[in-house]
Amino acid sequence: MATLDDPGEVREGFLCPLCLKDLQSFYQLQSHYEEEHSGEDRDVKGQIKSLVQKAKKAKNKLLKREGDDRAEAGAHGYESFSYGGVDPYMWEPQELGAVRSHLSDFKKHRAARIDHYVVEVNKLIIRLEKLTAFDRANTESAKIRAIEKSVVPWVNDQDVPFCPDCGNKFSIRNRRHHCRLCGSIMCKKCMELIGLPWANKLTSASKDSLSTHTSPSQSPNSVHGSRRGSISSMSSVSSVLDEKDDDRIRCCAHCKDTLLKREQQINEKEHTPDIVKLYEKLRLCMEKVDQKAPEYISMAASLNAGETTYSLEHASDLRLEVQKVYELIDALSKKILTLGLNQDPPPHPHTLRLQRMIRYSATLFVQEKLLGLMSLPTKEQFEELKWKRKQDLERKRTMERQVSLESQRRLEVRQSGLSSRAANGEVTSLRRGPAPLRKAEGWLPLSEGQGQREDPDPLLQQIHNITSFIRQAKAAGRVDEMCTLQENLRQLQDEYDQQQTEKAIELSRRQAEEEDLQREQLQMLWEREREREQEQFRVSSFHTRTRSLDFRELTPFQLEPSPGPRTHLTYALDLDPSPPQSGTAPETPSPTVARVPGQGMSQHSDTSSLNPFAQGLCSPTEEGVASPAAAEAALCPAAATLKEYNPFEEEEEEGEQEKASGNPFGDPDRPGPNPFDEEDDHPPPGPSSPPAPGNPFEEPVCTNPFEVDSDEAEEPIEEELLLQQIDNIKAYIFDAKQCGRLDEVEVLTENLRELKCTLAKQKGGPD
Amino acid sequence: MNVVFAVKQYVSKMIEDSGPGMKVLLMDKETTGIVSMVYTQSEILQKEVYLFERIDSQNREIMKHLKAICFLRPTKENVDYLIQELRRPKYSIYFIYFSNVISKSDVKSLAEADEQEVVAEVQEFYGDYIAVNPHLFSLNILGCCQGRNWDPAQLSRTTQGLTALLLSLKKCPMIRYQLSSEAAKRLAECVKQVITKEYELFEFRRTEVPPLLLILDRCDDAITPLLNQWTYQAMVHELLGINNNRIDLSRVPGISKDLREVVLSAENDEFYANNMYLNFAEIGSNIKNLMEDFQKRKPKEQQKLESIADMKAFVENYPQFKKMSGTVSKHVTVVGELSRLVSERNLLEVSEVEQELACQNDHSSALQNVKRLLQNPKVTEFDAARLVMLYALHYERHSSNSLPGLIVDLRNKGVSEKYRKLVSAVVEYGGKRVRGSDLFSPKDAVAITKQFLKGLKGVENVYTQHQPFLHETLDHLIKGRLKENLYPYLGPSTLRDRPQDIIVFVIGGATYEEALTVYNLNRTTPGVRIVLGGTTVHNTKSFLEEVLSSGLHSRGRESSQVTSRSASRR
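- By the naming in an unreviewed UniProt entry, chain B is Vacuolar protein sorting-associated protein 45, taken from Dipodomys ordii.
- As its UniProt record puts it under Function (unreviewed entry), chain B is described as follows: "May play a role in vesicle-mediated protein trafficking from the Golgi stack through the trans-Golgi network."
- UniProt's Sequence similarities (unreviewed entry) comment on chain B is quoted here verbatim: "Belongs to the STXBP/unc-18/SEC1 family."

- By the naming in an unreviewed UniProt entry, chain A is Rabenosyn-5, taken from Dipodomys ordii.

Spelled out as C-alpha cells, the structure:
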C-alpha cells in the first residue's frame, strides 16, 4: 500500500485492539499495551502474544520447502467446510466413558479361597522339609518310617480297598503305598518319588519366598489330593513290605503335581528369558530417542533458519548421538527377531510372531522418528542462511516503517468510523473475560486457524473476532450473548460493505501508480528464489501487477490455502489419463462449490491472488491454479460451459466428452450455487479478503458485493467467455511447459497478455 | 459424542493401565472387531501390544514374560474360557475388562479360579459396539426380528449395545420411540429397564437439556436401503460391501494379491477421511490429484539418485512414499472397480429411475421407465428386482398399480424366484400398512410448497435427489416439532427444550446414506450433536437378507405358493 493519502483506505498496521490507536511497529504496540491497558484485560495481552508467536511460526514455515503446505491445507479442509454446526470429526474432546471396577469384589472372593491353598501348599513344603531334615542314608529304615509317620498321619489300610487313582483292588500283589506328604494311599503304579536334591531345592526356595509371597501354586487336582489327605486322621498300620528306596520320598501324584507347579513358579521367578533382557534394552534406547530427538529438532530448525542460538558443532554431535541410538535399536530388534531360530525344537510359532512384531514396531519407530530428523546445513550453507536472515529482518523493518507511515495518514480519514468500532472493541474484549473456554486457548479468533494472522483492517478484525466469539458463545450455550454479538456483527458488516465499495473505486484509480513500486519490491523479494519461477512469472506477471503486495498478507495464505482453491484445483489439474471416471470428473463442480461457505470463498480469492508468489515458493502444488480466473471459471454456475473450457479435457480426453454427458453430477440447472452471491449473508471471516478488490479482474465480478449488484446482466457473460479463453490459454501454457516446448509458451503468453488487457479494459469501463 | 473416540479411549486406558512391558491382547470374536475399528495394528504396536489372541484359540503358548489384557464381552462362554485360562495361566499377569455389565456371580467364579493370583484388574469398560464413524455405530446384527417381533437373543444384545453406548458417552437420556413399531417400544422399555437397574452407573453430571434417545424401526423407511448410492463410503458399501472397515476385493478381475482385502478407515487414511462423503465424480478428480501427488514424490531414478544427497533424501522419504503408494493403489483400485461396476451394470440409468421412484409422484412415467429398464439386458436381476420393489412400495395403493405385470416382466427377464418373492416380502416388511408415517406424499403446507418449488426449479442432481426419511424426522426433532402421537416419550416426563444431544437408533439397520444425512445435520446445525446407530449398517443386499430373515411373507398379491414357501422357511 504505497499510495499514502487515500480517503477510503483500509486501516491496517499495528492497531491497538482496545483503543484502535495506530502504532508504528509491533514492539511499540506491545509496549503501548503494557502501559495503557495493563490493568484492563489480561486476555488481550495473551492475544497479542499468540499473534506474535503465530507470526513467528509462519515465518519459519515459509522457509520450509513445499509439500508441507499441502498437508496443512488438508488439515484445515474440514474446518472451513463446516459452517454453523460442527463436523463430527471436530467434536470436542470428551472424557473417558463410564467404567466400573469389580476388583475389590474379586479380591474379596479370591482371598477367601486362597487362604485355604496357601495353607495347603505350605503344609506340603513344611512336611517335605521335615522329611529331608535328617540324614536318610545313615538312618535305619524302621527309624525313617517312624519319622515319616510322625510327619503326617497315615490313612488306615482298611479304609481304602481300591486305589483311589486307578481304581485297582489292593491285594497281596497290588500293595498299598502311603504318600509321605499327605498320608493317603495309592498303588505302586500311581506312586511318585521325590528325589532329595529336588526336595532341597523346593524347600530352600520356599523359605525365601514364603515370607514375601503368599500365593501358592496349586491346581484343582491338588485340591482334591489334599482333601483326601485330610479325611484320614487315624494312624494306620504300616505297610511293612515297602521297598527300600531311602534316597527318595514317596508321594502321591497330586502332591507331586502341586510341588512341580511350585517349582515352575520358582523357576519363572528367577529366570528372565533372553527376549525380555533384550527388550528392556530396546525400550531404554527408545526412551532415549524420545528425549533427545525433540531437542535436536529444535536445534536443527533454528540453525536452518539461520539463527545463531545453537552452535553447529554441538548440533551435529547430538545428531550423531541420536543416530547411534537408532543403530542400536535396529541391532537389538534384529537380535530379538532371530532369537532361538537355530534351536533344535524351533520356537513356538507364537514366540516367533512376538519377535517379528517387536522387530516390526522397532522398524516403524525408527522410520517415523528418523524421518523427522532433519539434516543440518553445511558450514557454507549456514553462513548463507545467516546472511539471508539478516536481510529478511531488514526488509521487515523497512516494511514496518512503511506501514506505519501509511496508517498514520489513514487515521485521519477514517475517524468517523472509529467511534462505533471502538465501542464494539470494548464490548467484545470485556466479554472475553468471563468465558472459561477462552482462557485455555488464548485468543481464539487466531487460534482457530481460520487463515488470518494480522488483519489489515481493524473492522475486519473485529468482524472476525465477533464471529469467533459467537461461535464460542454458541458452544457455551449463552444465547443472549449470542444475540448481542450477532447484532454487533451485522452492524460491522454493513459498515464494512460500505467501506469496501468506496475503497474499490479508489483502488482501481490507484492501480497504475502502485504497479511500478510493487513490481520493484517483488523483484527484489522473489527473483533470486528460483530461476524456474521466471517462466511462470512471465505468465502471471499480469496478475502480479494488480495484486497488493503486502508481505504480511502472503504469510497466512502460504500456510493455509483454503479448501476452496484445492477443490477447484482438481478441475484445472484434471490430468490423469487412466480411470474411466475421468470423463465424469471434470464437470462436477456442484456439491463442493455449493458447500463452500462464504468464508471459503473469500479466502479462495485471496489465495489465487497470491498465486505468483505461490508459484515461486511451492509451485508444484499450485501450478495448476493458474490464476483467479481459472478458479473463477471453475466456479461458474453453468456447468455446461465448464465442460467446454476445461483445457485438459480438450487436450487429453476429447473422446470422453460424449460419454461424460451422461454424468450424474454435472447437472447444469443447479440453482444459484455461486457462493459469491451470498456474500451478503455470510460474514467474510477472512479479514484479509479486502486486498482482492484491488484486482481489476476479480473484483468487479465477485469479491465486492456492491459491484455484483450493480453489474449489468449481460456483462458477466462476455467476461465469462474471456475468462474461459484466458483459462484455456493458461492451460495450454502449462501443458507446453510440461512438455518443454518453450517457444510455444512464449507465443501463448503473449496471447494471454492480450486477452487479459481486453478483459481489464472491459471491466474498467463499467466502473 | 464421538463414538470412535469413546471406544479408542477405553482401549488406550486399558493398555496404559497395564504399565510398561510386552503385552498380549486377549479378545473374543466381537471385541476383536470392536478394537480393530478404532486402532490399527501399527498404532497399537507402539503401545507395546505385540500379540493379539483369541480367548477361544486352543494352541496358545505359555509366555510368562507377557502381560495379558483381556477385553471380552461378558458372555457365558467367555467367562468359562477365562476360568480355564486363570486355572492354568499362560501369562504373568491379567488385566480383565468386560465390555458390558457382568454379574456378581460370574465375578465370584472368576475370583475362585484365580488361584495363582494373576489377576490384577477386573473392570467394565463399555465399548460394546462397533464404532464406524465418529457419529455412526453398529452392532453388526443381521436379522434382528422374527416377523414383527424381536429375536430374544438379539434384543438382549441390542439392549446391551445401546446401554453400553450410553455409558461410554456418559448420557442418561430420555427415550422416544416410534409408536408404529412394536419392536421399537420393546427395545425402549428394555433400555429403560437397564437404566433403572444400574441407576448408579447412569448417574452423570446433569446437563441443562437432557440427551435424547430416539428409537426407530427400519420398516418405516424401506426405500432408503434399496437405492443405489453415489457418495464414496455409501457407494463402496453398496457395490463392494464394507465389513468392519474391510472391503473384499478378491472378486475384482486381475486384482493383485496384496489388494485382495483392503481397509478403508477414516481414522488413518487421510484421503478416505476427506472423500468419504463426496460423490463419485468428485472422488474421480480427487484421486487424480492423489496420483499426481504420488507421481511427484515417486523418485525418478535416472535423474534423481545421482548424488549421495539425493539417495539419502530418497531413503528418508521412503517410508512415507511407501505408505502413500499403498493409499494410492488402494483407492485407485477401489474407484476403478466402482466405475467398472457402474458401467457394467448400467447403474447411472438404474439410479436415475430409482430416484424418480423414490422422490416423484408421476406414476405413468415411473412405470414406463421401470418397464424400459427391465428390457435392458445390461440391468442385472438384482437391480431389476430392486426397481420393482421400489415401484411396489411407492405405488402400492395406486389405482392403476401394475405390479403383477412387472412381476411377469421380471420372470420373463429370467430373474430368479428368490428375488421375485422378495418383492412382496419387502412390501410386507415396509409397506403402507406397516408404516407409521407417510413416506411419499408431503404432509403439511410447508412440505407441499417445498415439493412444488422443487418441481418448478428442477432438481440439483438427479442421482442424489433422495433425502432419507430420517432427515425429516431429525429435522422435526431438532425443531421440537416431532409429533408426540407418532413418537411418544417413554415415561411421563417430556423434553421442553429443543434437544441438543441426540442418539438415533434404527432397529433393522441404518444406512450410510442416513449416516451422511446425520453428518450434514451435525455440520449445519449449531448446538446439536447427533449420533446414529443401527443393529447393522445396510446395503441393499444385506437389507434384503434382513427382510428375508424376518420371515415376513406376501399376503395375497403373489401366488399362494410363494406364501407357503417363505412361511415354511421359518
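Structure shown, so let's carry the discussion forward.
### Examining the overall build of chain B
So, step 1. Of the regular secondary structure elements, chain B holds 22 helices and 18 strands.
So, step 2. Burial analysis of chain B (570 residues in total) assigns 61% to the buried set.
So, step 3. Counting only contacts in chain B whose residues sit at least 6 apart along the sequence, the fraction spanning at least 24 positions is 81%.

### Some thoughts on the overall build of chain A
So, step 1. Regarding its fold elements, chain A presents 30 helices and seven strands.
So, step 2. When each of the 767 residues of chain A is scored for burial, the buried share is 54%.
So, step 3. Counted over contacts in chain A with a minimum sequence separation of 6, partners at least 24 positions apart contribute 78%.
So, step 4. As displayed, chain A has an accessible area near 35000 Å², and 54% of this comes from carbon and sulfur atoms.

### Regarding helix H15 (residues 381-394) of chain B
For an α-helix, the turn length of 3.6 residues means that residues three or four places apart are oriented alike.
So, step 1. Between its first and last C-alpha, H15 of chain B extends 20 Å over 14 residues, near the 20 Å set by a 1.5 Å rise per residue.
So, step 2. Burial analysis of H15 of chain B places 13 of its 14 residues in the buried class, the great majority of the element.

### Some details on the pairing of strand E11 (residues 212-217) of chain B
Residue and element names in this part refer to chain B.
So, step 1. Among the six residues that make up E11, six are buried, leaving the element largely enclosed by the rest of the structure.
So, step 2. Bridge count between strand E10 (residues 174-177) and E11: four bridges; the pairing is parallel. The residue of E11 that forms the bridge with Ile-175 is Leu-213.
So, step 3. Across six bridges, the pairing between E11 and strand E15 (residues 501-507) is parallel. Residue pairing across strands places Leu-216 opposite Val-506, the latter belonging to E15.

### Re the pattern of salt bridges
When the charged atoms of two side chains with opposite charge come close together, those side chains can pair.
So, step 1. The final tally for this structure, using the stated rule, is 45 salt bridges over all chains.
So, step 2. The salt bridge involving Arg-110 of chain A is made with Glu-117 of chain B; its shortest N-O contact spans 4.0 Å. Note that Arg-110 of chain A is positioned in helix H4 (residues 103-132) and Glu-117 of chain B in the loop between helix H5 (104-113) and strand E5 (119-125), a pairing that runs across two chains.
So, step 3. Take Arg-110 of chain A: its relative accessible area is 7%, and that puts it in the buried class.
So, step 4. Note that Glu-261 of chain B is salt-bridged to Arg-246 of chain B, the shortest N-O span being 3.6 Å. A residue pair is termed long-range when its members are at least 10 positions apart, and Glu-261 of chain B in strand E14 (residues 261-263) and Arg-246 of chain B in strand E13 (residues 246-248) qualify at 15 residues.
So, step 5. On the accessibility criterion, Glu-261 of chain B (46% relative accessible area) is partly exposed.

### Regarding the nonpolar core
Nonpolar side chains in soluble globular proteins tend to be buried together.
Residue and element names in this part refer to chain B.
So, step 1. In this structure, Tyr-129, Ile-215 and Ile-507 are the most contacted members of the largest nonpolar core, which totals 176 residues.
So, step 2. Among the elements that make up this core, the one with the highest residue count is H15 (ten residues).
So, step 3. The next biggest cluster of nonpolar side chains, apart from the first, holds 52 residues, and it includes Met-63, Leu-82, Leu-86 and Ile-96.

### Notes on the pairing of E5 of chain B
Moving residue by residue along a regular strand, the side chains alternate between the two faces of the sheet.
So, step 1. Buried residues dominate E5 of chain B, accounting for six of its seven residues.
So, step 2. Bridging between strand E3 (residues 99-101) of chain A and E5 of chain B involves three bridges; their strand directions are antiparallel. Each residue of the ladder has a partner; that of Val-99 of chain A, found in E5 of chain B, is Phe-125 of chain B.
So, step 3. One ladder, built from five bridges, connects strand E4 (residues 91-98) of chain B with E5 of chain B; its direction is parallel. Bridge pairing in E5 of chain B links Phe-95 of chain B to Glu-121 of chain B.

### A look at the confidence of the model for chain B
All names here are of chain B.
So, step 1. On average, residues of chain B carry a pLDDT of 86, and 89% of them reach 70 or more.
So, step 2. In the model of chain B, helix H22 (residues 560-569) stands out as the element of lowest mean pLDDT, 39, in contrast to strand E7 (residues 136-138), which has the highest, 95.
So, step 3. Note that pLDDT drops below 50 for residues 554-570; the model gives that stretch 24 contacts with residues more than four away or on any other chain.
So, step 4. We note a pTM of 0.61 for the whole complex and an ipTM of 0.82 for its interfaces.

### Notes on the environment of Val-7 of chain B
All names here are of chain B.
So, step 1. Tracing the backbone shows Val-7 in helix H1 (residues 3-17).
So, step 2. Expressed as a C-alpha distance, the spacing of Val-7 and Ile-34, which sit 27 residues apart in the sequence, is 8.0 Å.
So, step 3. When neighbours within four sequence positions are excluded, Val-7 is seen to be in contact with Ile-34, Val-38, Tyr-129 and Ala-131.

### Focus on the sheet that holds E15 of chain B
Consider a sheet: its strands pair through backbone hydrogen bonds, and that pairing is either parallel or antiparallel.
Residue and element names in this part refer to chain B.
So, step 1. Read from one edge of the open sheet, six strands run E6-E7-E17-E15-E11-E10, paired in mixed fashion. Since the sheet does not close on itself, it has two edges, and those belong to strand E6 (130-133) and E10, each with one partner. Taking each pair of neighbouring strands and ignoring which way they run, the sheet shows an average axis angle of 25°.
So, step 2. Two strands pair when backbone bridges link them, and E6 and E7 are joined in this way by three bridges, in the antiparallel orientation. Directly across from Asn-133, in E7, lies its bridge partner Leu-136.

### A closer look at the sheet that holds strand E12 (residues 242-243) of chain B
Residue and element names in this part refer to chain B.
So, step 1. An order of E12-E13-E14 is seen for the three strands of this open sheet, with the pairing classed as antiparallel. With partners counted over all chains shown, the strands left at the sheet margins are E12 and E14, one partner each.
So, step 2. Of the strand pairs in this sheet, E13 and E14 are connected by three bridges, and their pairing is antiparallel. Residue pairing across strands places Ile-247 opposite Val-262, the latter belonging to E14.

### Digging into the packing of aromatic side chains
Centre-to-centre distance and the angle between the planes together describe a pair of aromatic rings.
All names here are of chain B.
So, step 1. The tally for this structure, following the rule as stated, stands at 14 aromatic pairs over all chains.
So, step 2. A centroid spacing of 5.6 Å and a plane angle of 65° characterise the contact between Tyr-129 and Phe-137, whose relative ring orientation is edge-to-face. Both residues of the pair, Tyr-129 and Phe-137, count as buried.
So, step 3. Their ring planes at 65° and their centres at 6.2 Å tell us that Phe-202 and Phe-204 sit as a pair that is edge-to-face.
So, step 4. According to the relative accessible area criterion, Phe-202 is buried, its value standing at 5%.
So, step 5. Given a relative accessible area of 18%, Phe-204 falls into the buried group.
So, step 6. The rings of Tyr-10, Tyr-97 and Phe-125 are connected pair by pair, giving a single aromatic cluster.
So, step 7. Across from the ring centre of Tyr-419, 5.0 Å away, lies the NZ or CZ of Lys-418, which sits over that ring.

### Some details on the side chain of Lys-8 of chain B
Residue and element names in this part refer to chain B.
So, step 1. Inspection of the secondary structure assignment puts Lys-8 in helix H1.
So, step 2. One polar contact links Lys-8 to Glu-43, side chain to side chain, over a distance of 3.0 Å.
So, step 3. Beyond its immediate chain neighbours, meaning those up to four positions away, Lys-8 contacts Val-38, Tyr-39, Glu-43 and Glu-267.

### Examining the side chain of His-476 of chain B
So, step 1. Positionally, His-476 of chain B belongs in helix H19 (residues 469-478).
So, step 2. For His-476 of chain B, a relative accessible area of 18% translates into the label buried.

### Focus on H19 of chain B
Residue and element names in this part refer to chain B.
So, step 1. Counting buried positions along H19 gives eight out of ten residues, so the element sits mostly inside the fold.
So, step 2. Where H19 is concerned, the buried positions are Phe-469, Leu-470, Thr-473, Leu-474, Asp-475, His-476, Leu-477 and Ile-478.
So, step 3. The first or second residue beyond H19 is Gly-480, which carries a positive phi of 75°.

### Examining the packing of H15 of chain B against helix H21 (residues 540-550) of chain B
Residues and elements named next belong to chain B.
So, step 1. Contact geometry for H15 and H21: axes closest at 12 Å, N-to-C directions at 65°. Seen along the crossing, H15 lies across H21 with a hand that is left-handed. Counted together, Phe-382, Arg-386 and Met-389 of H15 and Thr-540, Lys-541 and Leu-544 of H21 form the full contact between these two elements.
So, step 2. Grouping the constituent residues of the contact of H15 with H21 by class yields three nonpolar, one polar and two charged.

### Looking at the confidence of the model for chain A
So, step 1. Considering every residue of chain A, the mean pLDDT works out to 61; 45% of them sit at 70 or more.
So, step 2. pLDDT under 50 marks residues 539-716 of chain A. Its contacts with residues more than four places away, or in other chains, come to 408 contacts.

### Points about the environment of Lys-29 of chain B
So, step 1. Mapping Lys-29 of chain B onto the fold places it in helix H2 (residues 29-38).
So, step 2. A C-alpha to C-alpha distance of 10.0 Å links Lys-29 of chain B and Glu-53 of chain B, two positions 24 residues apart in sequence.

Calculation criteria
- Residues numbered from 1 in each chain as written.
- Chains lettered and ligands numbered in written order.
- Predicted model: local features only at pLDDT ≥ 70, side-chain atom pairs only at ≥ 80, totals over all residues.
- Heavy atoms only, no water.
- UniProt positions renumbered as here; feature names shortened; annotations may be inferred.
- Helix = DSSP H or I, 4+ residues; strand = E, 2+ residues; numbered from the N terminus.
- Buried < 20%, exposed > 50% of the residue type's maximum accessible area, 1.4 Å probe, protein only.
- Contact = heavy atoms within 4.5 Å.
- Areas by Shrake-Rupley, 256 points an atom, 1.4 Å probe, with all protein chains shown as cover.
- Expected span 1.5 Å × (residues − 1).
- Pairing = 2+ DSSP bridges.
- Salt bridge = Lys/Arg side-chain N within 4 Å of Asp/Glu carboxyl O.
- Core = buried A, V, L, I, M, F, W, Y, C linked by side-chain atoms within 4.5 Å.
- pLDDT = per-residue confidence, 0-100.
- Axes fitted to C-alpha atoms, helices over the stretch in contact; angles between N-to-C directions.
- Phe/Tyr/Trp six-rings, centres within 6.5 Å; stacked < 30°, edge-to-face > 60°.
- Lys NZ or Arg CZ within 6 Å of the ring centre and 35° of its normal.
- Polar contact = N/O pair within 3.5 Å; in protein donor to acceptor, adjacent residues only side chain to side chain.
- Left-handed = near helix turned anticlockwise from the far one by under 90°.
- Nonpolar A, V, L, I, M, F, W, Y, C, P; charged D, E, K, R; others polar.

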